Number of protein chains: 2
Amino acid sequence: MLSVADAQAIVLQHARPLPAEITPLSPAALGLVLAEDVSCDLDMPPYDKSLMDGYAVRSADLPTGEGELSVVEEITAGHMPVRTLNSGEAASIMTGAPLPAGADAVVMKERTESVGATRVRIADRPPRPGQNVLSRGREMRHGEVVLPAGAVLRPQDLGLLATVGRTAARLHPTPEIAVLPTGDEIVEPATRPGLGQIRNSNGPMLAAQVARAGGRPKLLGIARDRLESLRPPIAEGLRSPLMLLSGGVSAGKLDLVPGVLQELGVTPYFHKVEMKPGKPVFFGARGSTLVFGLPGNPVSSLVCFELFVRPALRRLRGQADAGPRLVQAALGEDFAYSTDRPTYHPAFLERCETGWWVRPTPWFGSSDLRGLLPANAFVVFPAGDRHHRAGEVFSVLRVDSDDVI
Amino acid sequence: MLSVADAQAIVLQHARPLPAEITPLSPAALGLVLAEDVSCDLDMPPYDKSLMDGYAVRSADLPTGEGELSVVEEITAGHMPVRTLNSGEAASIMTGAPLPAGADAVVMKERTESVGATRVRIADRPPRPGQNVLSRGREMRHGEVVLPAGAVLRPQDLGLLATVGRTAARLHPTPEIAVLPTGDEIVEPATRPGLGQIRNSNGPMLAAQVARAGGRPKLLGIARDRLESLRPPIAEGLRSPLMLLSGGVSAGKLDLVPGVLQELGVTPYFHKVEMKPGKPVFFGARGSTLVFGLPGNPVSSLVCFELFVRPALRRLRGQADAGPRLVQAALGEDFAYSTDRPTYHPAFLERCETGWWVRPTPWFGSSDLRGLLPANAFVVFPAGDRHHRAGEVFSVLRVDSDDVI
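Let me begin by describing the structure that accompanies this report. Since the structure is predicted, the reported quantities are computational estimates derived from the model, not experimental observations. (Residues numbered from 1 in each chain as written. Chains lettered and ligands numbered in written order. Predicted model: local features only at pLDDT ≥ 70, side-chain atom pairs only at ≥ 80, totals over all residues. Heavy atoms only, no water.)

### Considerations on the environment of Glu228(A)
Residues and elements named next belong to chain A. Along the chain, Glu228 turns up in helix 4 (residues 227–237). The exposure class of Glu228 is exposed, given its relative accessible area of 54%. Note: C-alpha distance between Glu228 and Val260 (32 residues apart in sequence) is 9.8 Å. (Helix = DSSP H or I, 4+ residues; strand = E, 2+ residues; numbered from the N terminus. Buried < 20%, exposed > 50% of the residue type's maximum accessible area, 1.4 Å probe, protein only.)

### Observations concerning the packing of helix 3 (residues 202–212) of chain A against helix 6 (residues 298–316) of chain A
Residues and elements named next belong to chain A. One way to put it is that helix 3 packs onto helix 6 with a least axis distance of 11 Å and a crossing angle of 25 degrees. For the element pair helix 3 / helix 6, the angle class is roughly parallel. Handedness of the crossing formed by helix 3 with helix 6: right-handed. Between helix 3, through Asn202, Met205, Leu206, Gln209, Val210 and Arg212, and helix 6, the contact on the second element is made entirely by Pro298, Ser301, Leu302, Phe305, Glu306, Arg310 and Leu313. (Axes fitted to C-alpha atoms, helices over the stretch in contact; angles between N-to-C directions. Parallel < 35°, antiparallel > 145°, perpendicular 65-115°, else oblique. Left-handed = near helix turned anticlockwise from the far one by under 90°. Contact = heavy atoms within 4.5 Å.)

### Focus on the side chain of Ser50(B)
All names here are of chain B. Considering the arrangement of structural elements, one finds Ser50 in strand 4 (residues 49–50). A residue is classified by how much of its surface remains accessible, and Ser50, at 1% relative accessible area, is buried. In this structure Ser50 touches Ile93, Met94, Thr95, Gly96, Ala97, Leu99, Val106 and Asn132, once residues within four positions along its chain are discounted.

### Examining the environment of Met108(A)
Residue and element names in this part refer to chain A. The topology assignment puts Met108 in strand 8 (residues 105–108). Along the chain, Met108 and Ala60 lie 48 residues apart, while their C-alpha atoms are 17 Å from each other. Beyond its immediate sequence surroundings of up to four residues, Met108 is in contact with Met52, Asp53, Gly54 and Asn132.

### With respect to the pairing of strand 26 (residues 377–381) of chain B
All names here are of chain B. Counting buried positions along strand 26 gives five out of five residues, so the element sits mostly inside the fold. Residues Ala377, Val379 and Phe381 line one face of strand 26 and the alternating positions Phe378 and Val380 line the opposite face, and both faces are buried. In terms of strand pairing, strand 24 (residues 343–352) meets strand 26 through five bridges, oriented antiparallel. Residue pairing across strands places Ala347 opposite Ala377, the latter belonging to strand 26. (Pairing = 2+ DSSP bridges.)

### Brief notes about the sheet that holds strand 2 (residues 33–34) of chain B
All names here are of chain B. Judged by pairing direction, the sheet is antiparallel, and its three strands sit side by side in the order 1-13-2 without closing on themselves. Taken across any chain shown, the strands that pair with only one partner, and hence form the sheet edges, are strand 1 (21–24) and strand 2. As judged from the two bridges shared by strand 2 and strand 13 (residues 168–172), these two strands associate in the antiparallel manner. Residue pairing for strand 13: Val33 is matched across the bridge by His172.

Set out below in structure tokens:
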């Protein structure tokens, strides 16, 4: 049977970034991926700038750091100096103001003393050329790339784009993700389930997973286990770049979804993965549209989303590092576990002095959503009937964070 | 001068969770904080449930694990059994189907063999009572709290709320945060700045910081350094639960903001904090409305937001752990640094074998937004002219993640 890693590789082979669009740089652009190199349209700072309140001087005038100079101008922020400093001259200058021609250093005010209205006495260490000065273009230079294609936009990046005059940029758009739970046994949450019925928890959960992963969920209602109920919403969902179905993909006689997908032109790439929970997971594509059939049990659905759909969504969004986010963590306590397939078991992951430790949390299987309450991750146990020892290292899938650190 | 920690404590003393509201559990509820204990309206599973395809048996009938039993019923998922098992009887059962009365265990199909149409031969280890059965209410019990007040809603929590029949819940709402950059020197990003002018990078950056921190930004344009330009948008901003101003709060003669705030009834709590960048940072309140005056330089503004506004926003959102997110990290390389106040220096934080390490990134001061490009954090250097050694441990403020691990 296909391994999780091989299945993930197949998914990423078929996922392509959505075509970039010119997008206004509103707060809605936060987290989107830049699809162009953005360069600077001016020098920053635009002139040699004083970093202190004090006096602009010619360093050659003060070889010992002490001396008296003639003050020829007062330069405030937002005004260009009009005088060039000659030998023996200084200009009073404010933080952020432009240096006058001829000056090459600033002496801070605290090291100076006014002598009448037009002279200043300086007692400091010998000034270095460039002291307390930020030279023109030091932060960024006209024409230089300040933010490269591939950047995932953070608030500071949006600030930087505004600084270089951008109000819009080429960004990969937010992918629309169609969500369709299927099954005769599903009732809406407001309904009290009868015998053999379960409430639709996958619809709201998958929609929220999509939103957390940077997609825009499009809920298509609930489809029943009949061809005429499945066809119209599946056809509609295939107009989105990615469609999620849940339920209807295991091998039972009522599992009609793969047939409808093939009828509508979807090429299947896999239908089973060697894992627990969630062996029956379908992946296919029609053109550039990706289709996932997730198992109906809610924990299976959640895990399969994180393992297979989230990397695809990252790739659609244009993220370079689309692959799974696994960390290696030491088991916090002995844990006996028996399973016939590699199993993603709910767990609590925590930082410790020497890295990560992980503790499996109580869990009653793929329908037990409540068991996820104290969990923030899934620890991967190998197949077999084993007694794992505290300190043994396992791969762990983080689900409550997309951070790589 | 007030320390950062003391200033943060003052902010949190004045910040209160926004009153909870009944809110639909759409994907927009993701990340909001639950303001009620939610309990379960049914038992899950609703009956003793088989975890395997196989045969429901009375364990007392199979003391050695071997025997032949009469098959009295076939129980499929979604149908209640009609017969009670008597001694010597078994029922064929599907995964997920309810156990018949009298049965206390399930033998998996692989350990059985049909004998004609109505009998089954079993060859297994002696069945334990409860074997392969998930008993009624084991996942959750009618009336039991399944999600407590204070939970920050994740996708799996929204799934759980749907499972217990909730389509709405009492949640603390998304706080609306008013954003008002001030200053005669500010021009819109589409404009080419003239001498002494800078583009409005703080408006877009602060709005995105608000969105990232779970608030809803409300941009109020740009106010000029005149009373008549400041008063109307400040009065409007004070109708939001939190208002952010940038610029206009240092001690210069044009810094009119604190005066206007006091005139409009805002009580000032602090106006200076011992830190760099960003010493002049104002905090006050009018009733339950909080007001922050952030410094105009973009990096100062960003750091002050993360240190003071973000904890306030967490508290408004109802988060219990509102305080700052500091990690301790070892310096990755020697670093000489001279500063007269505790300084938040841009840095790259990374996980290593033994915890975190941090490396300061090149930076030209509080106007240098571009210097933040390779940074994901700020390392806190103490005042003094010091040569810090690789391996020394410093506090680090993470800015690109709200994770505590």
